[in-house]
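Summary of structural features
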Amino acid sequence: MAIDLEDMDKELGGWAGKEEQIREALKRWYRTERRRLPWRGDAAPWGATAASHAASHAASGAASGAASGARGVDAPLWTLPATHGVIDLDPSDTESSDGAPPKCCGETSGASYGVWVSEVMLQQTQVAVVIPYWTRWMRRFPTLNDLAAAPLEEVNALWAGLGFYGRARRLHEGAKYVLAQHGGQLPSDVTALRKIPGVGPYTAGAIASIAFQQPAALVDGNVARVFARLRAMPAALGVAKSQRLMKRCWSLAEQLVDRTEPGVFNQALMELGATICTPSSPSCERCPLRFACRAFAARAAGPVTRFPAPAAGTARRVRRLAVAAIEDENGVESTESCVQRLTALLKGFQVDLLKELTPVEGVPLEHIFSHEHHFIHLFRGHPAIPAPQPARSDVHQAGRPVWWLGRVEAEEAGITSGVKKVLDFLEGFSSTKRSRGSDVLKRQPLRKWPRNSTRSGGSSRRGEKGPTAERCHSPRDEV
């Protein structure tokens, strides 16, 4: 029997007249259960729910008597004038007396920039990992203009370790575009936001609703999962992450978006998927929307986790890479810090650059990405051209700029976790030959470095790769 998907979609309907109930229940839950995060305007400590933080702060205040001049738990990360263009983390703005969420960054260009940075960083990366990166980024590039004026190498160095380095490049390109086309002020409407390099429908909806309170819908992996369960969507309407499912969810999101508090509502919806309606262990008993959830109502027929229907798994692509650990003519060991495929190595350097390469024992090393599994084969050799003196001098080999850095300098410049794994191995391997810090690195410009792997140990916000659904993003059109 043929299934008419259009008829099935109509039968499932929209929200059955429960839109307002869903909005109010979700916002009420968010006001007490949302996590405190710096891009939401909260002061440290971050991560706890608003309710638990308020209770802890009240208890500690009663016990300590709030000593005068002490830095309290509500001390802001930084406080700068609003005209400076950064999110003001003044504690007076972080919590209201009735437990309502803070003014979520406000309708300022600086606030919208901070929201934009957070949304890009959260793609494929857990909240706990993003927090220190976001705070460092906002200290170094407090305004969009600061980011646009920075060299790409510095942007990449600050991003190092966060993974998926194309995100940093697109942020940089986007900042330059906004500076050129909008005078450094992020536009507030979705249509204009979508024209910024790297900004797709989700990111545009997030910036417009959260920073500018525009009634813009958004859908990410967490929202799609919540909708699939609320409406008990069958596999015929799309499996997890499928275009068919996402199209249906965007239609539902546009019907449901709150017109009065779109920023609060959209964050509440994503927060629900990240902390309650998780991929494999949802906390249905704590869910504020179980009254409207068809999957919960039908749990006797099967677990709610059967929605959305799982997509067929895809095996990671296996790749074998070559990395050369080079000794200069003076016997000081150096390590090629640009981990590259063997073909790229052969294309990029002249054959006479290296006298000879011999394999290193105890390899290959393994480095796992979300989509690839790398086996890194290490080799030792001697350069035909001696290391330039003094250190950090720029030279040109095979028409490409190269300079030399010590281990500490290289880490400060921002080496990837794959390169760090190589260095750690070589330091252990050669510990009897040299002391730590004597090595010298020959590296190429940061833009040539490969993307790092996504952080493991939790689920992606947009893609679900672990037992929980941390607030992260999965690759979409803007990734």
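Before reading further, recall that the structure is shown in the block above.
Residues numbered from 1 in each chain as written. Predicted model: local features only at pLDDT ≥ 70, side-chain atom pairs only at ≥ 80, totals over all residues. Heavy atoms only, no water.

1. Topic: the pattern of salt bridges
Quick note on the threshold: Definition used for salt bridges: Asp or Glu carboxyl oxygen within 4 Å of a side-chain nitrogen of Lys or Arg. To qualify as a helix, a DSSP run of H or I must reach at least 4 residues; to qualify as a strand, a run of E must reach at least 2; elements of each kind are numbered from the N terminus. When accessible area is computed with a 1.4 Å probe and restricted to protein chains, residues below 20% of their type maximum are described as buried, those above 50% as exposed, and intermediate ones as partly exposed.
For the structure shown, the criterion picks out 13 salt bridges. A salt bridge links Lys27 to Glu24, with the shortest nitrogen-to-oxygen separation between them at 3.4 Å. Taken together, the residues span about one helical turn, with Lys27 and Glu24 both in helix H2 (residues 19–33) at a distance of three residues. You can call Lys27 buried: its relative accessible area is 2%. Between Glu372 and Arg319 there is a salt bridge, with its nearest N and O atoms 3.7 Å apart.

2. Topic: the nonpolar core
Cut-off, in case you're wondering: Side-chain atoms within 4.5 Å link the members of a nonpolar core, which is a set of buried Ala, Val, Leu, Ile, Met, Phe, Trp, Tyr and Cys residues. Contacts between residues were defined by any pair of non-hydrogen atoms, one from each residue, lying within 4.5 Å.
Ranked by internal contacts, the top residues of the largest apolar core, which has 84 residues, are Tyr113, Trp116, Met121, Trp137, Trp159 and Phe227. Those residues in contact with Trp116 that sit more than four places away from it in its chain are Leu144, Leu171, Gly174, Ala175, Leu186, Ile196, Val199, Thr203 and Ile207. Val360, Leu365, Ile376 and Leu426 belong to the second-largest nonpolar core, a separate cluster that totals nine residues.

3. Considering the packing of aromatic side chains
Let me state the cut-off plainly: Only centres within 6.5 Å qualify two rings of Phe, Tyr or Trp (six-membered ring in Trp) as a pair; their planes then separate them into stacked at under 30 degrees, edge-to-face at over 60, and tilted for everything else.
Considering all chains together, one arrives at four aromatic pairs under this definition. Judged by centre distance (5.1 Å) and plane angle (65°), the rings of Trp15 and Phe227 are edge-to-face. You can see Trp15 sitting in the loop between helix H1 (5–12) and H2 and its partner Phe227 sitting in helix H11 (residues 221–230), a full 212 residues away along the chain. The residues Trp15 and Phe227 share a single accessibility class, namely buried.

4. Structural notes on helix H8 (residues 166–182)
Short version of the rule: Expected helix span is given by 1.5 Å per residue-to-residue step, counting one fewer step than there are residues.
With 17 residues, H8 extends 23 Å between its outermost C-alpha atoms, agreeing within 8% with the 24 Å of an ideal straight helix rising 1.5 Å per residue. Residues of H8 that are buried: Gly166, Arg167, Ala168, Arg170, Leu171, His172, Gly174, Ala175 and Val178. Remark: Gly183 follows H8 within two positions and exhibits a positive phi of approximately 65°.

5. Observations regarding the packing of H2 against helix H13 (residues 262–275)
Threshold: Angles here are taken between N-to-C directions and fall from 0 to 180 degrees, while the axes themselves are lines fitted to C-alpha atoms, restricted in helices to the stretch in contact. Here the word oblique covers every angle except those under 35 degrees (roughly parallel), over 145 (roughly antiparallel) and from 65 to 115 (roughly perpendicular). Three residue categories are used. Nonpolar comprises Ala, Val, Leu, Ile, Met, Phe, Trp, Tyr, Cys and Pro, charged comprises Asp, Glu, Lys and Arg, and polar comprises the others, including Gly.
In the contact formed by H2 and H13, the axes pass within 9 Å of each other and the chain directions differ by 70°. By the angle class used here, H2 and H13 are roughly perpendicular. Contacts between H2 and H13 involve Arg23, Leu26, Lys27, Trp29, Tyr30 and Glu33 on the former and, on the latter, Val264, Phe265, Gln267, Ala268, Leu269, Glu271, Leu272 and Thr275. Each residue belonging to the contact of H2 with H13 can be placed in one class, and the counts come to eight nonpolar, two polar and four charged.

6. Looking at helix H7 (residues 152–159)
What counts is decided by this rule: Within this analysis, the arc is defined by the directions that extend from the helix axis to the C-beta atoms.
Of the positions making up H7, those classed as buried are Val155, Asn156 and Trp159. Taken end-on, H7 shows its buried residues confined to a sector of 95°, consistent with a single buried face. Directly after H7, the chain includes Gly161, whose backbone phi takes a positive value near 100°.

7. Regarding unusual backbone geometry
Along the chain, Ala44 connects to Pro45 via a cis peptide bond; the corresponding omega equals 5°. Here the bond from Phe307 into Pro308 is cis, since omega is -10°, no more than 30 degrees from zero. As for its position among the elements, Pro308 is in the loop between helix H14 (294–297) and strand S1 (317–327). Even without glycine at this site, Phe164 takes up a positive phi of about 45°. You can see Phe164 is positioned in the loop between H7 and H8. For Phe164, a relative accessible area of 5% translates into the label buried.

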